Amino acid sequence: MDKIPGQKRAVQYLYPPIDPFAQHRLEVSGGHSLYVEECGNPDGVPVIVLHGGPGGGCSPAMRRYFDPEVYRVVLFDQRGCGRSRPFASVRDNTTWDLVSDIETIRETLGIDRFIVFGGSWGATLSLIYAITHPERARALVLRGVFLMTEAELDWFYGGGAGQFWPETWARFVELIPEDERDDLIAAYHRRLFSGDMRLETKYARAWSSWENALASVYSNGQGGEAPGDYARAFSRLENHYFTNRGFLEQDGWILKNAHRIADIPGVIVQGRYDMICPPRRAWELSRAWPAGELRMIRNAGHALSEPGISAELVRVMDDLSTG
């Protein structure tokens, strides 16, 4: 969740607001219907934007990181969130379903290869897609790297980040009985999928608030209260994916398979003080990915809307447009 006050300062680096030139409703497996939009130049360099979460959905601001004269920008809401349907559904909703959806979008739109642009969970999905279909990724642009490892989940849901934000962590933990606090992902899972809408919404707001509170380096520790529908979709999907460890066959799967993207050029834009996805993983990825360049942004946290992060991402895309 990247909706933070810093966004107003970041917009000065972005291209002007733009409307889609095409919107699509794409029927995929498992009864899911995806919202897909295209912006910019219909004949431009294709780039696909993979949003975070899982469950975060796309926003109009995500269209603005790309020169609309140069790029054909494809955005879509992943299964179960945003304008895709069924809303908040985890049925037939796995990483591999999403990889298949990206391929379906590519084929439907007649795109051979595209730049893959993703942050946080979107960076995870970008890497998994490129490892699975390296011939389809002409470049990777990643922000706030998350490698879906046990260590990262333990950092954020096992008390690591809570060492820096004890009062915010306490609000997140105290909703759970003491005898369930050894596994907060599982404890929240039971409540987010209880079948009681009021209970699910209460815990969804707590789950999303914990993450949102730590997104920006400028945070005061207050995550705000997201709208109930948004919080429920975001939290259910994210918890579902984390409960299943990203549906990867082993811990560390991405780094173990990084050799498959060795020759794909790319850039990692990482906030030095990212509390959600600590920089060590971005550094480890850069060492395993020879063609990937790590750009560490000082005085920046996790959010896409951090001014330093936004400025660097626009710079990266401008550089790629002339490369």
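Residues numbered from 1 in each chain as written. Predicted model: local features only at pLDDT ≥ 70, side-chain atom pairs only at ≥ 80, totals over all residues. Heavy atoms only, no water.

J.: Account for the pairing of strand β6 (residues 137-143), naming residues and giving values.
T.: Of all seven residues in β6, six are buried; the element is thus mostly enclosed. Where strand β5 (residues 114-119) and β6 come together, six bridges link them in parallel fashion. Along β6, the bridge assignment pairs glycine 118 with leucine 142. After leaving β5, the chain enters helix α3 (residues 121-132) and then returns to the sheet as β6, a path that is right-handed. The sheet contact formed by β6 and strand β7 (residues 266-271) spans four bridges and is parallel. Paired with arginine 143 across the two strands is valine 269, which belongs to β7. (Buried < 20%, exposed > 50% of the residue type's maximum accessible area, 1.4 Å probe, protein only. Helix = DSSP H or I, 4+ residues; strand = E, 2+ residues; numbered from the N terminus. Pairing = 2+ DSSP bridges. Right-handed = clockwise from strand over helix to strand, strands pointing away.)

J.: Could you give an account of the sheet that holds strand β2 (residues 33-40), with specific residues and numbers?
T.: Strand order in this open sheet of eight strands is β1-β2-β4-β3-β5-β6-β7-β8, and the pairing throughout is mixed. The sheet terminates laterally at β1 (22-27) and β8 (292-297), the two strands that pair on one side only. On average, adjacent strands in this sheet sit at an angle of 20° to one another, irrespective of strand direction. Judged from the five bridges that link them, strand β3 (residues 45-50) and strand β4 (residues 71-76) form a sheet pairing that is parallel. From the neighbouring strand, valine 49 faces β4, where its bridge partner is leucine 75. (Axes fitted to C-alpha atoms, helices over the stretch in contact; angles between N-to-C directions.)

J.: Can you explain the packing of aromatic side chains? Please cite residues and give values.
T.: Where two aromatic rings form a pair, the distance of their centres and the angle of their planes describe that pair. Inspection of the entire model under this criterion finds 22 aromatic pairs. Ring centres 6.2 Å apart and planes at 45° place the aromatic pair tyrosine 65 and phenylalanine 117 in the tilted group. Highlighted residues: tyrosine 65 in the loop between β3 and β4 and phenylalanine 117 in strand β5, separated in sequence by 52 residues. Centre to centre, the rings of tyrosine 230 and phenylalanine 234 are 6.0 Å apart; their planes meet at 15°, and the pair counts as stacked. One end of the pair, tyrosine 230, and the other, phenylalanine 234, are both in helix α8 (residues 228-243), four residues apart, so they sit about a helical turn from each other. For the pair formed by tyrosine 230 and phenylalanine 234, the shared burial category is buried. Over the aromatic face of tyrosine 203 sits the side chain of arginine 191, whose NZ or CZ is 5.7 Å from the ring centroid. (Phe/Tyr/Trp six-rings, centres within 6.5 Å; stacked < 30°, edge-to-face > 60°. Lys NZ or Arg CZ within 6 Å of the ring centre and 35° of its normal.)

J.: Report on unusual backbone geometry, specifying residues and quantitative values.
T.: Residues glycine 53 and proline 54 are joined by a peptide bond in cis, for which omega reads 0°. Topologically, proline 54 is positioned in the loop between β3 and β4. Even without being glycine, alanine 88 reaches a positive phi, approximately 65°. In this fold, alanine 88 is placed in the loop between β4 and α2 (95-108). Residue classification places alanine 88 among the buried positions, given a relative accessible area of 1%. With phi around 55°, methionine 148 is a residue other than glycine that occupies positive phi space. Considering the arrangement of structural elements, one finds methionine 148 in the loop between β6 and α4 (150-157).

J.: How would you explain the pattern of salt bridges if you had to name every residue and give the values?
T.: Following the criterion strictly, the structure yields 21 salt bridges and no others. A salt bridge links arginine 136 to aspartate 112; the nearest nitrogen and oxygen atoms lie 2.7 Å apart. Taken together, the residues arginine 136 in the loop between α3 and β6 and aspartate 112 in the loop between α2 and β5 connect sequence positions 24 residues apart. Note that glutamate 293 is salt-bridged to arginine 295, the shortest N-O span being 3.2 Å. (Salt bridge = Lys/Arg side-chain N within 4 Å of Asp/Glu carboxyl O.)

J.: Give me the pairing of β4: which residues, what numbers.
T.: If a strand is regular, its side chains alternate between the two faces of the sheet. Of all six residues making up β4, six are buried, and the element is well covered by its neighbours. Across the two faces of β4 the burial is the same, with Tyr71, Val73 and Leu75 and Arg72, Val74 and Phe76 all buried. Examined bridge by bridge, β2 and β4 share five bridges and lie antiparallel to one another. Along β4, the bridge assignment pairs glutamate 38 with valine 74.

J.: Pulling in residues and values, what's your account of a nonpolar patch on the surface?
T.: On the surface, a nonpolar cluster with roughly 310 Å² of combined accessible area is contributed by Val217, Tyr218 and Tyr273. In this fold, tyrosine 218 is placed in the loop between α7 (197-213) and α8. (Patch = residues over 30% accessible without salt bridge, like charges linked within 9 Å, V, L, I, M, F, W, Y side chains within 5 Å. Areas by Shrake-Rupley, 256 points an atom, 1.4 Å probe, with all protein chains shown as cover.)

J.: Residues and numbers for the environment of glutamate 225, please.
T.: Tracing the chain through its elements places glutamate 225 in the loop between α7 and α8. Note on glutamate 225: relative accessible area 63%, which makes it exposed. In the structure, glutamate 225 is positioned 118 residues away from glutamate 107 in sequence and 39 Å away in space, judged by C-alpha atoms.

J.: Give a detailed account of the environment of tryptophan 169, specifying residues and quantitative values.
T.: Summarising the element assignment, tryptophan 169 is placed in helix α5 (residues 166-173). Judged by relative accessible area, tryptophan 169 falls into the buried class, the value being 15%. Remark: the alpha-carbon pair of tryptophan 169 and tryptophan 210, spanning 41 residues in sequence, is separated by 7.2 Å. Filtering out sequence-adjacent residues up to four positions away, tryptophan 169 remains in contact with Phe156, Tyr157, Gly158, Gly159, Gly162, Leu184 and Trp210. (Contact = heavy atoms within 4.5 Å.)

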